[in-house]
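# Architecture at a glance
Residues per chain, in single letters:
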Amino acid sequence: MDSRGVQRWQGEWARAGLATGQRDSRRGKFYALVAYPGSSGFLHVGHLRAYAYADALHRYHRALGESVLFPFGLHASGLPAVTWARRLKARDPSVVRSLEDAGVPPPVWPALETPEEAARFLGEEYQRVLRTVGVLVDESTYLTTIDDDYRRFVQWQLRTLHAAGEVVQGSYYSAVCPVCGPIAVDASETDLDSGGDAEVIRFTLVPFRLDDGRTLLAATLRPETIYGVTNVWVAPDEELVIWHLGSEEFLIARAGGDRLVDQHGGRLGRVVPAAELVRRTVHVPITGGTVPILTSSLVDPAIGTGVVMSVPAHAPADAAAVAELSSAERDALGPPPILLDIAHDPPLTVSEEALTQGDGTPAEKALRATRARGLSDREAVEAATERLYRLEFVRGTMTVESLRGISVREARDRVAKSLADAGSSLQLQEFSKPVICRNGHAVVIRKVSDQWFLRYSDPEWKARTLEAARTLVTWPPEYAHELPGIIEWFADRPCARKGPWLGTPFPLDPSWTLEPIADSTFYMAFFIVRRFLAAGRLRPEQLTDAFFDHVFRGVGSGEPSIPAGLQAEVREEFLYWYPLDINMGGHEHKSVHFPVFVYTHARLVAPELRPRGIYVNGWITGPSGTKISKKDVSVGKGRIPSIYRALERWGPDALRLYYVSAASPSADVEWNPETVDAALARLLEVERLVRETRGQGRGPPELDAWLLSRMHQIITRVRDGLGRADLRPVAEEVYVTVPAVIRRYYARGGVAGEATDKVGRAWTLLLGPITPHLAEEVGDGRFDGLVATQPFPSPSDFPSSEPAEAREEYLQRVEDDLRAVLRPSSERGDPTPGAAIFFIASPWKAVVERWMREAVARGETPSVRAIMERVQTHPELTGYRTEIPKYVQRVAPLLRSEPAIEPPSVEEDGTLRAAEAYLVRRFGFGSVGVYPEDEGAGADPLGRRDRSRPGKPAFYLVRPGAPKGTD
RNA sequence: GCAGGGGUGGCCCAGCUUGGUCAAAGGCGCCAGGUUGAGGUCCUGGUCUCGUAGGAGUUCGUGAGUUCAAAUCUCACCCCCUGCACCA
């Protein structure tokens, strides 16, 4: 189909108003959506996968006669649009290329350089793309999260949550660019230039007091090892600075000092060379001992505070550093104390076990296990550190007196807390690697003391949410098992921030902006209201808290300025569409968006209005599962096309078929143009076949019965798959099985007639959900109105015929057997046999086989003796006394591996005779003969006739030159 | 670390919940034949190994186990991927 055809049908659907959700209380409803996209740039070929599923489901439910609503909006909040607009303004090559690719003329560009305009433009563009793919979203729902009415809505939402006590303030460490403001550090690097994979490291600071009143501040990840400190390390030639905080003077490295000022305030003062401190002693907190200050190259002044507390028994790096001291220094430190035991129950893994072998301290053993040659052997020392830290954290139990028997996990918290209680301990957070923002500034971590949070830790709210999650249906089902764990783990989340972002002013303090996740948890409800604004029946300023309370929660009498009847109608509309049947989104939503979506519904609406289903869809990835990045698309590596190029090349239907059939819905698929080619080729084949189904007159009755019966089965399976939202098997039935059935129908001697015509019509309708354009194209003129408005086929339209199916299956088995025998000889190039002589099994064999099957079903091995005893009571079998034992012995072992249920019986003789012409044509035999086994007729020089079994005739293939059978 | 997913025939990807009809669907690639009087949108067959009769052998990350029977169930191990908090 060319693009004109595609446009024609899209136009027809629009004219018919198919996409518009119509409330009809007499009918069922289906309300599902795809989590709205963010405004980070043009869509690529991966984004459409979820829409292909969702649209197919909506089309199916529409064809079932239900009212459907498929809304769409744009999540404009946050930084993505800001970044995109900025890059456009800078004429970033990849943004320029994507604009050109989308056919946006340069004169338009300057208008898109503000974040708001960029977001609005992208939202419209997304909507246009969906239209060109044939996705029927209700455009009267279209909104962006920076629209006035939407803002009023989320402000109501936040105020309501606040009134419920779920919005609180507290302190928080936040990633901030000193110039641009708060920033998201994540792997997608939306806000960043580099360092998106950086982790936040949380150090506990431990004060080691000098006699002169100043304090050396060490940074550690393992405060509980304070009991094993033998010395403090500084780097040789390091310069420390004095950090004045209150009346305290701390000595630390410059880099750490800068961070601490960001996080805790104070100021940096005079420089103090570390050399000044070496060999002086400091007091160890908690234990009260004194230890010396020594130098070692293990200290990196850029990390932590540039001061390290040395615990040689448990820290491999410290042990390695100590080993490099002079022996006098080493002796002065004494043997390092061991602080903990490793539990060996349950047994350690092999790699854990390796860490506990041999003599010495745990650190020494770990160094040995990784074959570390010394402090300079960095990789090995780090591996030892990582493995030992993990082992001790997971399995360790403290043995020092004041913490005896306590797990390392808990000891760590206790020591950190007692240091904090002593008043001089602080936390230091830093990134594991440099993080650079889009504008080239180094990103730091700052403490925000008045941060707003949503109180997801609230036990009561959590309990309700878990309750709501319990009844949720998910695709894949595993997610339903995973979800409660995620909800349990969910802690308070910041819900507002300050900075140049798009979003809604935080209602409790407008100097903050609502954070982008918090403003997108309940929007499914607002879509319904939005339609009234689109129709001009409501105005943004009428959307008051009273209105929302009434419509969504049934609380109060509503907004007085709105006519009561209209308000009641909105409420009714909400109650009609809600609950949401499916929220569909990629797996990145599993741990954040989906949980908060359930949370919010659990708090705001009545239990019967809570969401019903969550559908997690996979992505399209680059080669070897790599994420598609903007670069892949726009830089044109030639691998991943933009959606525009893809539509040009394959058209919407081939893409849609590819999306639903290339993999399981929740699995990622590698983008593979050849597979899309194959999908397109298949559609062309389907188009041809379905067109050829038109006809009149009847075919061979038995063949027609078979064809209709197969269709009965296929429709049953298709409906079942669509009902379970499992589209892959549906695609297989509609685009693979149906063509195969029709081809076989013709191959067996069927011709286009009434039967194929009926099948063709139903098939056209089956094509509708996944490939709607093709369905209209081949259905044009065949239906009264659009295919998209026709009721979905029902299996009851097609009579099921077991005998007809059994006959065809029988014939297929015979063909399989023939091929198995012919294969070796035809590979050798032997000529085709001149004739095929079939021998139909004698009726007594069916009786005997049934008895044997009964034995197998009871778990027994069929015994010759038992069978022969039974033969006594069946006079008609006694004539075969000599054959039966041989038959039982031959067939009994075969029965084990065959289906337990008996195949339906087939009138073999007649079926084979009727297929003679077919077999001659198909295999090129000169002739075919069919004889009952007992009759003695037919050439059988190899004595094959005994091999016949019920449903499996024996045969002899007459080689040219060999004696031919007599007819 | 915590949580989740995964390792299937040259490649992509089903199957595993409910063990047997699984040498394992479908697609791609490849081979042969057909159609078209010459070659990438068609049709048929083949594509683990062996085999002059419908058979046999060895396969579904590795190892062990349960079972008459395991790609499917159990256990251990190895490897890969994803998410982990202001990113929707």
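Note that residues are indexed from 1 along each chain, following the sequence as it is written. Note on labels: chains are lettered from A, ligands numbered from 1, in written order. Given that this is a predicted model, residues contribute local features only at a pLDDT of at least 70 and side-chain atom pairs are listed and counted only at 80 or more, while totals for whole chains, interfaces and linings are drawn from all residues. Where side-chain values are given, they derive from all heavy atoms of the structure, hydrogens and water being excluded.

### Comments concerning the overall build of chain A
Each helix and strand counted, chain A has 32 helices and 32 strands in total. Here the globule rule reads 2.2 Å times residues to the power 0.38, and the radius of gyration is calculated from C-alpha atoms. Since a compact globule built from 967 residues should have a radius of gyration of about 30 Å, the 38 Å found for chain A marks it as more spread out than a globular shape. Expressed along its principal axes, the backbone C-alpha trace of chain A runs to roughly 120 × 80 × 50 Å. A 1.4 Å probe rolled over the protein chains alone gives each residue an accessible area, and that area as a share of the maximum for its type sets the label: buried under 20%, exposed over 50%, partly exposed in between. Each of the 967 residues in chain A was classed as buried or not, and the buried ones make up 53%. For this count, His and the chain ends are skipped, Lys and Arg are scored as positive, and Asp and Glu as negative. Where a charge sits is defined by one atom per residue type, namely NZ (Lys), CZ (Arg), CG (Asp) or CD (Glu). Considering chain A, the positive charge centre built from 115 side chains and the negative charge centre built from 128 side chains are found 2 Å apart. Where helices and strands are cited, they refer to DSSP runs of H or I of at least four residues and of E of at least two residues respectively, numbered from the N terminus.

### Considering the domain arrangement of chain A
Boundary definitions for the domains trace back to an automatic or database domain assignment. Domain boundaries in chain A define domain 1 (199–431), domain 2 (683–804) and domain 3 (828–958). The gap between the C-alpha centroids of domain 1 and domain 2 is 73 Å.

### Concerning the nonpolar core
Core analysis: the largest hydrophobic core is formed by 107 residues, its most contacted members being Trp84, Leu99 and Trp763. Nonpolar core, defined: a set of buried Ala, Val, Leu, Ile, Met, Phe, Trp, Tyr and Cys residues in which side-chain atoms within 4.5 Å join the residues together. Formed by 67 residues, the second largest nonpolar core is a distinct cluster that contains Tyr36, Trp452, Val551 and Val596.

### A closer look at the sheet that holds strand β23 (residues 493–494)
Read across the open sheet, the four strands follow the order β6-β5-β21-β23; overall the sheet is antiparallel. One side of each edge strand has no neighbouring strand; the edge strands of this open sheet are β6 (181–182) and β23. Bridging between strand β21 (residues 444–454) and β23 involves two bridges; their strand directions are antiparallel. Paired with Phe453 across the bridge in β23 is Pro494. Here, any two strands with at least 2 DSSP bridges between them count as paired.

### Quick word on the sheet that holds strand β30 (residues 835–840)
Spatial ordering of the open sheet is given by β31-β30-β32, a layout of three strands whose pairing is mixed. Each edge of the open sheet is held by one strand with a lone partner, namely β31 (927–932) and β32 (954–958). For this sheet, the mean inter-axis angle between neighbouring strands, taken without regard to orientation, is 15°. Note that β30 and β32 share five bridges and pair antiparallel. Counted as the bridge partner of Phe838 is Phe955 from β32. Any two residues whose heavy atoms approach within 4.5 Å are treated as being in contact. Note on geometry: axes are lines fitted to C-alpha atoms, helical ones only across the stretch in contact, with angles between N-to-C directions running from 0 to 180 degrees. Against the sheet, helix α32 (residues 916–923) contacts β30 and β31, and its axis sits at roughly 135° relative to β31.

### Things to note about the packing of aromatic side chains
The description of two aromatic rings rests on the distance between their centres and on the angle between their planes. Stacked, tilted and edge-to-face are the three classes applied to pairs of Phe, Tyr and Trp rings, where Trp contributes its six-membered ring and a pair requires centres within 6.5 Å; stacked means planes under 30 degrees apart, edge-to-face means over 60, and tilted covers the rest. Counted under the stated rule, the structure contains 47 aromatic pairs. Their ring planes at 75° and their centres at 5.6 Å tell us that Tyr523 and Phe527 sit as a pair that is edge-to-face. Taken as a pair, Tyr523 and Phe527 lie in helix α16 (residues 523–534) at a separation of four residues, close to a single helical turn. Overall, the relative accessible area of 0% leaves Tyr523 in the buried class. Ring geometry for Phe548 and Phe552: centres 5.6 Å apart, planes at 15°, overall stacked. Pair noted here: Phe548 and Phe552 are both in helix α17 (residues 545–553), with a separation of four residues, about one helical turn. On the basis of relative accessible area, Phe548 is assigned to the buried category, the value being 0%. Over a ring means this: the NZ of a Lys or the CZ of an Arg is within 6 Å of the ring centre and within 35 degrees of the ring normal. Its end group placed over the ring of Trp9, Arg8 keeps NZ or CZ at 4.0 Å from the ring centre.

### Re the environment of Ala235
Within the element layout of this structure, Ala235 appears in the loop between β10 (231–234) and β11 (239–245). Overall, the relative accessible area of 5% leaves Ala235 in the buried class. Considering only alpha carbons, one finds Ala235 and His44, 191 residues apart in sequence, at a separation of 50 Å. Beyond its immediate stretch of four places on either side in the chain, Ala235 contacts Ala274, Thr295, Ser296, Val299 and Pro301.

### Here's the deal with a negative patch on the surface
Judged by side-chain charge, Glu883, Asp934, Glu935 and Asp946 come together as a negatively charged surface patch. Residue placement: Asp934 occurs in the loop between β31 and β32. Patches here: salt-bridge-free residues with over 30% relative accessible area, like charges joined within 9 Å, nonpolar side chains (Val, Leu, Ile, Met, Phe, Trp, Tyr) joined within 5 Å. Where accessible areas are quoted, they stem from the Shrake-Rupley method and a 1.4 Å probe; at the residue level, only the protein chains shown are allowed to cover. Salt bridges are defined by distance alone: a side-chain nitrogen of Lys or Arg within 4 Å of a carboxyl oxygen of Asp or Glu.

### Comments concerning unusual backbone geometry
Pro476 follows Trp475 through a cis peptide bond whose omega is -5°. Inspection of the secondary structure puts Pro476 in the loop between β22 (473–475) and α15 (478–489). A cis amide bond links Tyr578 with the next residue in sequence, Pro579, at an omega value of 5°. Counting through the fold element by element, Pro579 comes out in the loop between α18 (564–577) and β26 (582–586). Non-glycine residue Arg91 carries a positive phi angle of around 55°. As for its placement among the helices and strands, Arg91 is situated in the loop between α3 (80–89) and α4 (93–101).

### Digging into helix α25 (residues 754–767)
Multiply 1.5 Å by the residue count of a helix minus one, and that product is the helix's expected span. Helix length check: α25, at 14 residues, gives a terminal C-alpha distance of 20 Å against a target of 20 Å (1.5 Å per residue), a fit within 8%. Burial analysis of α25 places ten of its 14 residues in the buried class, the great majority of the element. At its buried positions, α25 is contacted by α22 (673–691), α23 (701–723), α24 (727–747) and α26 (772–779).

### Considerations on the environment of Thr474
Assignment of secondary structure puts Thr474 in strand β22. By relative accessible area, which is 6% here, Thr474 ends up buried. Remark: the alpha-carbon pair of Thr474 and Asp258, spanning 216 residues in sequence, is separated by 48 Å. Contacts of Thr474, omitting those with residues within four sequence positions, involve Tyr479, Ala480 and Ile614. Any pair of nitrogen or oxygen atoms within 3.5 Å is treated as a polar contact; in protein, a donor-acceptor pairing is required on top of that, and neighbouring residues in sequence qualify only through side-chain atoms on both sides. For Thr474, the side chain forms a polar contact with the main-chain oxygen of Pro476, separated by 2.8 Å. A polar atom in the side chain of Thr474 sits 3.1 Å from the backbone nitrogen of Ala480.

### Considering the side chain of Glu515
Mapped onto the secondary structure, Glu515 falls in the loop between β25 (513–514) and α16. Despite its burial, Glu515 pairs with no opposite charge; the closest candidate is Arg493, at 4.8 Å N-O. At 3.0 Å, the side chain of Glu515 forms a polar contact with the backbone nitrogen of Ala518. In contact with Glu515, other than residues within four places in its own chain, are Pro494, Cys495 and Ala496.

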